[in-house]
2 protein chains.
Amino acid sequence: MTDYLIIGADAAGLSAAVQIKREDPDACLKVINKGSIISYAACGIPYVISGDVESIEKLIHFTPETIEKKRGILVEVQKQAIRLFPEEKSVEVKNLKTEETYREKYDKLLIATGAVPNKLPFIDYEEEGIFNLNDLEDLKEILRYIKNHQPKRAAIIGAGNIGLELLEGLNSTGIEVHVFEMFPEPAMVWPPLIREAVKRKIKEKGVRFSGEASVKEVRKTGKGFALSTKKGSHEFDMVFSVVGTKPATDFCKDKIRTLDNGALVIDRKGRTSEEDIYSAGDCASIYHKILDRNVYFPLGSTANRMGRIAGLNMAGKDIYFPGIVGTQIFKFFELSLAKTGLSLKEAEKEGIRAGISSAKRLNKAGYYPDAKKSEVNIIYDRSSGKIWGASAVSQGNAAQFIDPAAVAVFAGLNVKELGWFDAAYTPPFAPVWNAWVSASLKHKVD
Amino acid sequence: MTDYLIIGADAAGLSAAVQIKREDPDACLKVINKGSIISYAACGIPYVISGDVESIEKLIHFTPETIEKKRGILVEVQKQAIRLFPEEKSVEVKNLKTEETYREKYDKLLIATGAVPNKLPFIDYEEEGIFNLNDLEDLKEILRYIKNHQPKRAAIIGAGNIGLELLEGLNSTGIEVHVFEMFPEPAMVWPPLIREAVKRKIKEKGVRFSGEASVKEVRKTGKGFALSTKKGSHEFDMVFSVVGTKPATDFCKDKIRTLDNGALVIDRKGRTSEEDIYSAGDCASIYHKILDRNVYFPLGSTANRMGRIAGLNMAGKDIYFPGIVGTQIFKFFELSLAKTGLSLKEAEKEGIRAGISSAKRLNKAGYYPDAKKSEVNIIYDRSSGKIWGASAVSQGNAAQFIDPAAVAVFAGLNVKELGWFDAAYTPPFAPVWNAWVSASLKHKVD
């Protein structure tokens, strides 16, 4: 009988566990987890802060008790993997309640430890009022702090996706937000269409944004915190540090092949470089179909998919992940912003002679009530017309336009054909020419 | 200089006219139109009846005056083509104002006469209170009749798409509706998933539906109309006959190759069997990429696309329509219902060993407010896994799920890959596993 060990009880780990249990009901399967809360929707954190989602509990799918009861999966919490011994097929584990360490043996191991937030060296993250937004424990702290201290001014260090979602969440509660970003603009990893929309929305909402503003110091003052950049100092009641994440692989990255950032390299079955060790989720790389190589692209949707595949393969199946195309979407106030495939800049970096075409359209017939504006950019090969990517901004749901474009990118379709595509049309739900079809139609191929 | 003549000034005809004018600004271009209202959104008619769209004028994009002023396109209204002489390159035209007939010569002709409603032989469509729902003139009559007579009970003969949209429109105004359908069920051309949802919704709304109820007679009574089927007679204040449409090609179908129903057969450039005669829109066939043959599939979105292509080719371009996959969507009360590609039954009819898999999912994260239910069926080849079609019912927007599936059908992708597809995910706009991806994942390929 195979001993399965899974480190990490969130999206990837539990997706794998469920599949192993399904394929091999009598398997000896154990899941260990560093924190005491498992199986939660980290992506929902900003919406609990804003109050759109009414309680933390809504974000928790399973507790250790319910997953054991409903799925027969044993999860031990407050157990941290601290060292890996592939040659002995064991993991050194620390019981965080007792501080004891012990060895856990495995026949097949899944590392699904996720990612942890990067930390700035000059910040004391233990200080009350300074937050790193790692997990639901942090969220509890944030809610408690807001309730007890009624903060008026918050600083967010970092204007990436998490910083922006947090910005919206805090702004919705009436807290005055000031964002500090080391790069000149917010949402720097996103293409210009989306960056510009974010900038306009930040302005419209009266949120202060400081670009090229590396934070040098965060100091406790009598009433709150003094945050300093080279341009000056500001006072805040609370400070959020959201400057990216890194794979939680410190305990094993000397034993397994990784990308430069420490993400475990996996193949399309979820296998690492070491025998019988699999990985999935934010601690691992993922195969990018368009780039045809492993990249670091940590997303909840990918963690679920790759976790499931790893679990199936650990249990003896033979399933290959076809690869991501890199579809991403986020909400920012009244907008949804999305991307798939390559941006113009990314395509050019790959040596593609890329073109871009753009269209603005409503998301339903213009005469139908409540039609919302959408704008889509399509990236394509200027010689062949092959589609490489798309980005979309919508006052409605950008997924309506980015998902079909994503499938087109996956399939390597041609904008010459896509410009005539018969997407769904009916006045209350979609216009005759929607933005992604129109943008494809406006291609200029040599 | 080329003399272009276009018969019909709606979606197909005007899409062509705009392209011809763009490609050949000095072209001698004339558009004639039977009715006096041009360039209107027929698909919007039910929403004016319901009051969702506030006025008829909202549905009119151009008047003859505005299209001449803004686009330099001359449209002569109340001119009906009554005979075609391909050998002489001329059309006999009747001026409906003066009853005079004359010949109109052309170098290149586009027939874009659309479709007309089928009529039941025992109905006197001239009677006030009986409607055929052909164009905006009919809509004006309907609104006037409702205003003046305050009808309480309406009969709708025919439970296809137009009948159902009309049902919703009338029901929203408080008029009691009874639908009569010769087939046992409503929405008979749609797959079971959609038919069942329509049936449940009809019941839920308290609308009376009579299946297998061929209407035998509609007779004027003192107060209204007596409508009889073999099962009995019913009294109504107004009667709608919406039993399908047929191509408006009576004036030319003896001179041009047609499908059995009279639709002009066109190639992928919009050319008919006769030299220099093009056609597009509801009077013509359309190339179906999946079936690899010409079909009759009259939709506004197709008319716009094929009209545009015909116009470009008439003006000397060389553009081929890649074909439809047969994407369709309609609104029915709180639901949107959509289909693309082939249904299980249609696939089997084509000799495909087809399988079907199904998934019910919310349209956003379950913990996010206002998440709506969606259900998607995926049709695929049980041997190869190739996707052939999909259908979707959603309390949100089914286009979000049917459009990506439509692109997958267009590309001939495989459900084995699509089940892992990285569709957009963020709690407020899409779930981790959306219904079309989940349905693909649940395939059973031999």
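Here's what I pulled together on the structure shown here. (Residues numbered from 1 in each chain as written. Chains lettered and ligands numbered in written order. Predicted model: local features only at pLDDT ≥ 70, side-chain atom pairs only at ≥ 80, totals over all residues. Heavy atoms only, no water.)

## Some details on the overall build of chain A
Note the threshold: Helix and strand definitions here come from DSSP, where helices need a minimum of 4 consecutive H or I residues and strands a minimum of 2 consecutive E residues; each element is numbered from the N-terminal end. The globule rule used for comparison is 2.2 Å times the number of residues to the exponent 0.38, while the radius of gyration itself is calculated over C-alpha atoms. Only protein chains enter the area calculation, which uses a 1.4 Å probe; residues under 20% of their type maximum are buried, those over 50% are exposed, and those in between are partly exposed.
Looking only at helices and strands, chain A features eleven helices and 25 strands. Against the 2.2 N^0.38 benchmark of 22 Å for 446 residues, chain A shows a C-alpha radius of gyration of 23 Å, consistent with a compact globule. If you line up chain A on its principal axes, its C-alpha atoms span 65 × 60 × 40 Å. Looking at chain A residue by residue over its 446 residues, the buried ones come to 59%.

## A closer look at the side chain of A:Gln19
Keep this limit in mind: Residue contacts are defined here by distance: any two heavy atoms, one from each residue, within 4.5 Å place the two residues in contact.
Following the sequence through the fold, A:Gln19 ends up in helix H1 (residues 11-23). Setting aside its immediate chain neighbours within four residues, A:Gln19 contacts A:Arg308, A:Gly311 and A:Leu312.

## Some words on the state of the cysteines
By definition, a disulfide is the covalent link that joins the sulfur atoms of two cysteine residues. All names here are of chain B. To keep it simple, the criterion reads: Throughout, disulfides are identified as pairs of cysteine sulfur atoms within 2.5 Å of each other.
Taken as a whole, this structure holds zero disulfides over all chains when the rule is applied. For the unlinked cysteine Cys252, the closest cysteine sulfur is that of Cys283, found at 7.4 Å. Classification of Cys252 by relative accessible area gives buried; the value is 0%.

## Concerning the relation of the copies chain A and chain B
Here is the rule we go by: The copies were overlaid by least squares, fitting only the C-alpha atoms of residues that reach a pLDDT of 70 or more in each copy.
It takes a turn of 180° to lay chain A on chain B, together with a shift of 0.0 Å along the axis; the resulting RMSD is 0.0 Å. The transformation relating the two chain copies, once decomposed into turn and shift, fits a two-fold axis.

## A short note on the pattern of salt bridges
Heads up, the condition is: A pair is scored as a salt bridge if a Lys or Arg side-chain nitrogen falls within 4 Å of a carboxyl oxygen belonging to Asp or Glu.
One pass over the full model with this rule turns up 50 salt bridges over all chains. Salt-bridge contacts for A:Glu217 lead to A:Arg219; the nearest nitrogen and oxygen are separated by 3.7 Å. The partner of B:Lys30 in a salt bridge is B:Glu104, with the nearest N and O atoms 3.1 Å apart. Here the residue B:Lys30 occupies a position in strand S2 (residues 28-33), and B:Glu104 occupies one in strand S6 (residues 101-105), the gap between them amounting to 74 residues. Classification of B:Glu104 as buried rests on a relative accessible area of 11%. One salt-bridge network, in which partners are shared between bridges, spans A:Lys30, A:Glu76, A:Lys79 and A:Glu104.

## Quick word on the environment of B:Gln328
If you trace the backbone, B:Gln328 turns up in strand S21 (residues 328-332). Other than its neighbours up to four places away in sequence, B:Gln328 contacts B:Asn161, B:Trp190, B:Phe297, B:Leu299, B:Leu337, B:Ala338 and B:Lys339.

## Description of the nonpolar core
Just so we agree on the cut-off: Here, nonpolar core means buried Ala, Val, Leu, Ile, Met, Phe, Trp, Tyr and Cys residues that are tied together by side-chain atoms lying within 4.5 Å of each other.
Core analysis: the biggest nonpolar cluster contains 280 residues, and A:Leu167, A:Leu170, B:Leu167 and B:Leu170 have the highest contact counts within it. In contact with B:Leu170, other than residues within four places in its own chain, are B:Ile49, B:Ile146, B:Ala154, B:Ile156, B:Ile175, B:Val177 and B:Phe240.

## A look at empty space enclosed by the protein
Let me state the cut-off plainly: A 1.4 Å probe that fits but cannot get out identifies a cavity on a 1 Å grid over protein atoms alone, an open set with protein on both sides within 12 Å along at least five of seven lines counts as a pocket, and a residue lines either if it has an atom within 4 Å of a point. Grid points are joined across faces, edges and corners, and a volume is the space filled by probe spheres set on the points. Classes in brief: Ala, Val, Leu, Ile, Met, Phe, Trp, Tyr, Cys and Pro nonpolar; Asp, Glu, Lys and Arg charged; the others, Gly included, polar.
In total, this model carries two cavities of 30 Å³ or more according to the counting rule given. Lining the largest cavity are B:Gly281, B:Asp282, B:Ala284, B:Ser285, B:Ile286, B:Phe297, B:Pro298, B:Leu299, B:Thr302, B:Ala303 and B:Met306. The biggest single contributor to the lining of the largest cavity is helix H7 (residues 300-314) of chain B, with three residues. Residues belonging to the lining of the largest cavity are distributed by class as follows: seven nonpolar, three polar and one charged. Put simply, the second largest cavity is a space of about 50 Å³. A:Gly281, A:Ala284, A:Ser285, A:Ile286, A:Phe297, A:Pro298, A:Leu299, A:Thr302 and A:Ala303 are the residues that line the second largest cavity. For the lining of the second largest cavity, the class distribution of residues is six nonpolar, three polar and no charged.

## Digging into the sheet that holds strand S23 (residues 354-362) of chain B
Residues and elements named next belong to chain B. The criterion, for reference: For two strands to pair, DSSP has to find at least two bridges joining them. Axes, fitted as lines to C-alpha atoms, cover a helix only where it is in contact. Angles between the N-to-C directions of the axes lie from 0 to 180 degrees.
Strand order in the open sheet made by the five strands is S21-S22-S25-S24-S23, with antiparallel pairing throughout. The sheet is open, and its two borders are formed by S21 and S23, each paired with just one other strand. Adjacent strand axes in the sheet meet at a mean angle of 10°, parallel and antiparallel pairs treated alike. Across the sheet, helix H9 (residues 399-411) lies against S21, strand S22 (335-341), strand S24 (373-381) and strand S25 (387-394), angled at about 175° from S25, the strand it touches most.

## As for the packing of H1(A) against helix H7 (residues 300-314) of chain A
All names here are of chain A. Short version of the rule: Orientation labels follow simple angle bins: below 35 degrees gives roughly parallel, above 145 gives roughly antiparallel, 65 to 115 gives roughly perpendicular, and whatever is left gives oblique. Left-handed describes a crossing whose near helix is turned anticlockwise from the far helix by less than a right angle; the clockwise case is right-handed.
One way to put it is that H1 packs onto H7 with a least axis distance of 7 Å and a crossing angle of 30°. When the interaxial angle is binned, H1 and H7 end up roughly parallel. In the packing of H1 onto H7, the handedness of the crossing is right-handed. Between H1 and H7, the contacting residues are Ala11, Ala12, Ser15, Ala16, Gln19, Ile20, Arg22 and Glu23 on the first element and Gly300, Ala303, Asn304, Gly307, Arg308, Gly311, Leu312 and Met314 on the second. Split by residue class, the contact of H1 with H7 holds seven nonpolar, six polar and three charged.

## Details of the environment of A:Val407
You can see A:Val407 is positioned in helix H9 (residues 399-411). Among the residues examined, A:Val407 registers a relative accessible area of 0% and is labelled buried. In the structure, A:Val407 is positioned 82 residues away from A:Val325 in sequence and 8.5 Å away in space, judged by C-alpha atoms. For A:Val407, the contacting residues outside a window of four places in its chain are B:Pro404, B:Val407, B:Ala408, B:Leu413, B:Phe421 and B:Trp436.

## Concerning the pairing of strand S14 (residues 225-229) of chain A
On a regular strand, one side chain projects to one face of the sheet and the next to the other, so that they alternate. Residue and element names in this part refer to chain A. In terms of residue burial, S14 counts as a mostly covered element, since five of its five residues are buried. Here strand S13 (residues 215-220) folds back onto S14, and the loop between the two strands holds four residues. Pairing of S14 with strand S15 (residues 232-236), which is carried by five bridges, proceeds in the antiparallel orientation. Across the sheet, the residue bridging to Phe225 is Phe236, located in S15. The antiparallel pairing of S14 with S15 creates a hairpin that spans two residues between the two strands.

## Some thoughts on the packing of aromatic side chains
To keep it simple, the criterion reads: In this analysis, rings of Phe, Tyr and Trp, with Trp reduced to its six-membered ring, are considered paired at centre separations within 6.5 Å, and the interplanar angle assigns stacked below 30 degrees, edge-to-face beyond 60, and tilted for intermediate values. For a lysine, the NZ atom is tested; for an arginine, the CZ atom; a charge sits over a ring if that atom is within 6 Å of the ring centre and within 35 degrees of the ring normal.
For the structure on display, the rule yields 18 aromatic pairs over all chains. Measuring from centroid to centroid gives 5.7 Å for A:Phe421 and A:Trp436, while their planes differ by 40°, and the two rings are tilted. One end of the pair, A:Phe421, is in the loop between helix H10 (415-418) and helix H11 (435-441); the other, A:Trp436, is in helix H11, and 15 residues separate them in sequence. Classification of A:Trp436 by relative accessible area gives buried; the value is 0%. Ring centres of B:Phe180 and B:Phe236 lie 5.8 Å apart, and the angle between their planes is 90°; this geometry places the pair in the edge-to-face category. With B:Phe180 in strand S11 (residues 176-180) and B:Phe236 in strand S15 (residues 232-236), this pair connects stretches of sequence that are 56 residues apart. Through successive ring pairs, a cluster of aromatic residues spans A:Phe131, A:Tyr145 and A:Phe240. Here B:Lys220 stacks its cationic end above the ring of B:Phe225, 4.9 Å away from the centre of that ring. Seen from the ring of A:Trp433, B:Arg308 lies directly overhead, with NZ or CZ sitting 5.2 Å from the centre.

## Some thoughts on the sheet that holds strand S3 (residues 74-77) of chain A
Residue and element names in this part refer to chain A. Strand order in this open sheet of five strands is S3-S2-S1-S7-S18, and the pairing throughout is parallel. The sheet is open, and its two borders are formed by S3 and strand S18 (277-279), each paired with just one other strand. Pairs of neighbouring strands in the sheet enclose a mean axial angle of 20°, with direction left out of account. As paired elements, strand S1 (residues 3-7) and strand S2 (residues 28-33) share five bridges and run parallel to each other. Across the sheet, Ile6 pairs through a bridge with Val31, a residue of S2.

## Some thoughts on the interface of chain A and chain B
This is how the line gets drawn: Put simply, buried area is how much 1.4 Å-probe accessible surface two parts lose in total, over both of them, once they are put together. Two N or O atoms count as a polar contact when they lie within 3.5 Å, although within protein this holds only if one can serve as hydrogen donor and the other as acceptor, and sequence-adjacent residues are included solely when both atoms are side-chain atoms.
Chain A puts 62 residues into the contact, and the matching count from chain B is 62 residues. Between chain A and chain B, a total of about 5500 Å² is buried, with carbon and sulfur atoms accounting for 69% of that surface. Summed over the three residues of chain A that lose the most area to chain B, namely A:Arg305, A:Tyr367 and A:Trp420, the buried surface amounts to 16% of that side. At the junction of chain A with chain B, the criterion picks out zero salt bridges. At the boundary of chain A and chain B, one finds 20 residue pairs in polar contact (both at pLDDT 80 or more). Elements with a contribution of two residues or more to the side of chain A that touches chain B: H7, strand S21 (328-332), strand S22 (335-341), H9 and H11 of chain A.

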